[in-house]
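Overview (structure and organization)
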Amino acid sequence: MCEANRGCGECAAGLGVGLGAPRRRPAAVCRQPRPCVKCGDSAAAVVIRIGDGFCRACFREYFVHKFRAMLGKNRVIFPGEKVLLALSGGPASSAMLRQVQEGLSRETAKRLRFVPGLVHIDEGAVCGQSPAQREQNLAQMEALLQETGFPYYLASLEQALELPGSVLRRGPGAAGEPCPSYKEAVEGFIQQQRQEVADGDGDTSSAGLSTQHGPGGHPAAPRLPPAALTAELLRLFEAAETLTAKEELLQMLRGHLILHTARTRGYPKVMTGESCTRVAVKLLTNLALGRGAFLAVDTGFVDSRHGDVTLVRPMREYMAKEIAFYNHFFGVPTVITPPLSTKRREKTSIHRLMESFLLGLQADFPSTISTVYRTGEKLSAAPAEASSELQRCLLCLCALDIDGEEELALEPTLVTEETGDGADSRAAFIPLLCYSCRLTFKEMGPPATLPSYVRTEARHRSCRARMKEQIQEFLLEDDEEEPGTS
Amino acid sequence: MAAPVSLQVEFGGGAELLFDGVKKHQVTLPSQPEPWDIRNLLKWIKTNLLKERPELFMQGESVRPGILVLINDADWELMGELDYKLQDQDNVLFISTLHGG
């Protein structure tokens, strides 16, 4: 509402705020933006939610507060822990990096307490960039990462082809050891800090947090991977028949590479910058892809399917619009790289289709995305029952959700073509995959184009499954007891 | 009779890919009978600046959902959106929050 004291009488501002009317009405033309709804002083610069205009200062406060509240509410990141930030260079992950930097630099009491590292994966090869463009992007990203002073790692998607098979296996989770409660951990950390300050020469920098780690990445290593590896990666992507399969493949490889980096460098947590908009789109896309059973894991705040490395999504409550405005107002540097399917028609992949559907709806009904998001928030991940590797999907590491395989209508369509070539035929992979991965797999090229770590692990699991079948009759079931033991 | 209006039109967030990668454009809108507003500006951009794939930037007479518009560094929703009357030396910034294009 435009207050009379601003002298802007013609502003009707009939936005139906608070009346629960979902449909957005266009604002009246106004030369001076109305005052900020929070402080009432400065002119509003950005509209959050439905019709709330915030000025720059209040918006910044809102933005920063949301990040800290997100971390504080969920209490997953323990003080002193090493956290890897996965940066694509895009707006959301850059905003996340800026929030982490701001959070770490505050006065002691309110400071964020973890130790960040940065990782960036160059996907230029599959996005159709020339080597010169890739070099340029890499240089820009490296400059950005270097400026933060945190240890950083640059990788390229081609390196995903050389991953070890252990990437597909769930690591030993922390479930066995008794975890200190969050509160105890914080208290312990603060005490430790006090101790250090008392012991040391009184300098307040806490160990590790502000020391400038040199770039822990590759010093003067060759920037782009060898052309042969790039060619192999391109062949893998060309062999995928649909754009949907390509997108899923890209996400899978990226995820595995980040996981591997986190594991080898000793980072128990990874933060990714998925915004609310992206999470809502992913929610619906994954439903369409047959991943309904895993929605909570794919879009929740915490994703612990890998056991030893936990994925955290702290930006999931920020709308893409808020992030874009924040980056523009406060000069957050980004490096935009074209994604997989830029400049193509709308309906080429399920991901694109869902994005244009949701955004189109959002334009007229501004609570669409937050409604989808909040509905998704109500889903909670089922406790991990499947512990043995045979019960997890080969590619996405979610629990295999296929029990009564015979009932699946999918079955006949999959076991069509190739004659059983043994371990490398398509049919051998099928029992190892969950429903949606089967669908994606069906659209990928022949198994020979898949990365070797996938094939090796698949062979290994098929072998074990066969072995288990063979000795099945000799195995004791849990409910049976050997006679003679008490 | 509206006088010629000179503006700075900028593109960010990937939208510049549709404009030959050029982020900042200094444009002068010719004089015409009706005053220039965002609606007319968009039509003008479509004919004069957009190099390829207009459907990736515009939808109907407005911008495609997912593209933000800032007028003088303020959200266009605060200024009247398509009906905002452009003035000389205004700055209009289009930021794409989409996945590309």
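The model shown is predicted, which means the values in this text are computed figures rather than measured ones.

**Things to note about the sheet that holds strand E1 (residues 5-12) of chain B**
Sheet strands associate in pairs through backbone hydrogen bonding, adopting either a parallel or an antiparallel arrangement. Overall, mixed pairing links the five strands, which are arranged E2-E1-E7-E5-E6 (chain B) in an open sheet. With one partner strand each, in any of the chains shown, strand E2 (24-29) and strand E6 (74-75) of chain B form the two edges of the open sheet. Of the strand pairs in this sheet, E1(B) and strand E7 (residues 91-96) of chain B are connected by five bridges, and their pairing is parallel. Within E7(B), the position partnered with B:Gly12 by the bridge is B:Ile95. Contacts from helix H9 (residues 320-329) of chain A reach strand E5 (67-71), E6 and E7 of chain B, with the element oriented near 40° to E5(B). On the sheet, helix H1 (residues 38-48) of chain B packs against E1, E2, E5 and E7 of chain B and is oriented at approximately 110° with respect to E2(B).

**A short note on the confidence of the model for chain A**
For chain A, the mean per-residue pLDDT works out to 79, and 76% of the residues sit at or above 70. Ignoring residues within four places in sequence, the model shows residues 1-21 of chain A, a span with pLDDT below 50, making 23 contacts including any to other chains.

**So, the domain arrangement of chain A**
Residue and element names in this part refer to chain A. Its domain assignment divides chain A into domain 1 (75-385) and domain 2 (390-485). The partner domain 2 presents 26 residues to the 28 residues of domain 1 that form the contact. Overall, the association of domain 1 and domain 2 removes approximately 2,300 Å² of surface from exposure, summing both partners, and the carbon and sulfur fraction of that is 61%. It is Leu168, Phe294 and Arg305 in domain 1 that bury the most area against domain 2; as a group they hold 26% of the surface buried on that side. In this structure, the connection of domain 1 to domain 2 is made through one salt bridge. Residue Arg169 pairs with Glu457 through a salt bridge whose shortest N-O separation is 3.1 Å. Counting every contact that joins domain 1 to domain 2 gives nine residue pairs in polar contact (both at pLDDT 80 or more). Residue assignment for the side of domain 1 that touches domain 2 shows that the elements contributing at least two residues are helix H5 (227-239) and helix H6 (243-265).

**Some details on the nonpolar core**
One finds A:Phe59, B:Phe57 and B:Phe94 to be the most contacted residues of the largest nonpolar core, which totals 97 residues. Apart from residues lying up to four places away in sequence, B:Phe57 is in contact with B:Phe11, B:Leu18, B:Phe19, B:Leu42, B:Ile45, B:Leu50, B:Val63, B:Arg64, B:Ile67 and B:Phe94. Grouped together as the second largest cluster of nonpolar side chains are 52 residues, A:Leu168, A:Leu229, A:Leu233 and A:Cys434 included.

**As for the pairing of E7(B)**
Taken residue by residue, a regular strand's side chains alternate between the two faces of the sheet. Residues and elements named next belong to chain B. The buried count for E7 comes to five of six residues, which makes it a mostly enclosed element. Strand direction decides the pairing type here: E5 and E7, joined by five bridges, are antiparallel. The residue of E7 that forms the bridge with Ile67 is Ser96.

Definitions and cut-offs
Residues numbered from 1 in each chain as written. Chains lettered and ligands numbered in written order. Predicted model: local features only at pLDDT ≥ 70, side-chain atom pairs only at ≥ 80, totals over all residues. Heavy atoms only, no water. Pairing = 2+ DSSP bridges. Helix = DSSP H or I, 4+ residues; strand = E, 2+ residues; numbered from the N terminus. Contact = heavy atoms within 4.5 Å. Axes fitted to C-alpha atoms, helices over the stretch in contact; angles between N-to-C directions. pLDDT = per-residue confidence, 0-100. Domains from an automatic or database assignment. Buried area = accessible area lost by both parts, 1.4 Å probe. Salt bridge = Lys/Arg side-chain N within 4 Å of Asp/Glu carboxyl O. Polar contact = N/O pair within 3.5 Å; in protein donor to acceptor, adjacent residues only side chain to side chain. Core = buried A, V, L, I, M, F, W, Y, C linked by side-chain atoms within 4.5 Å. Buried < 20%, exposed > 50% of the residue type's maximum accessible area, 1.4 Å probe, protein only.

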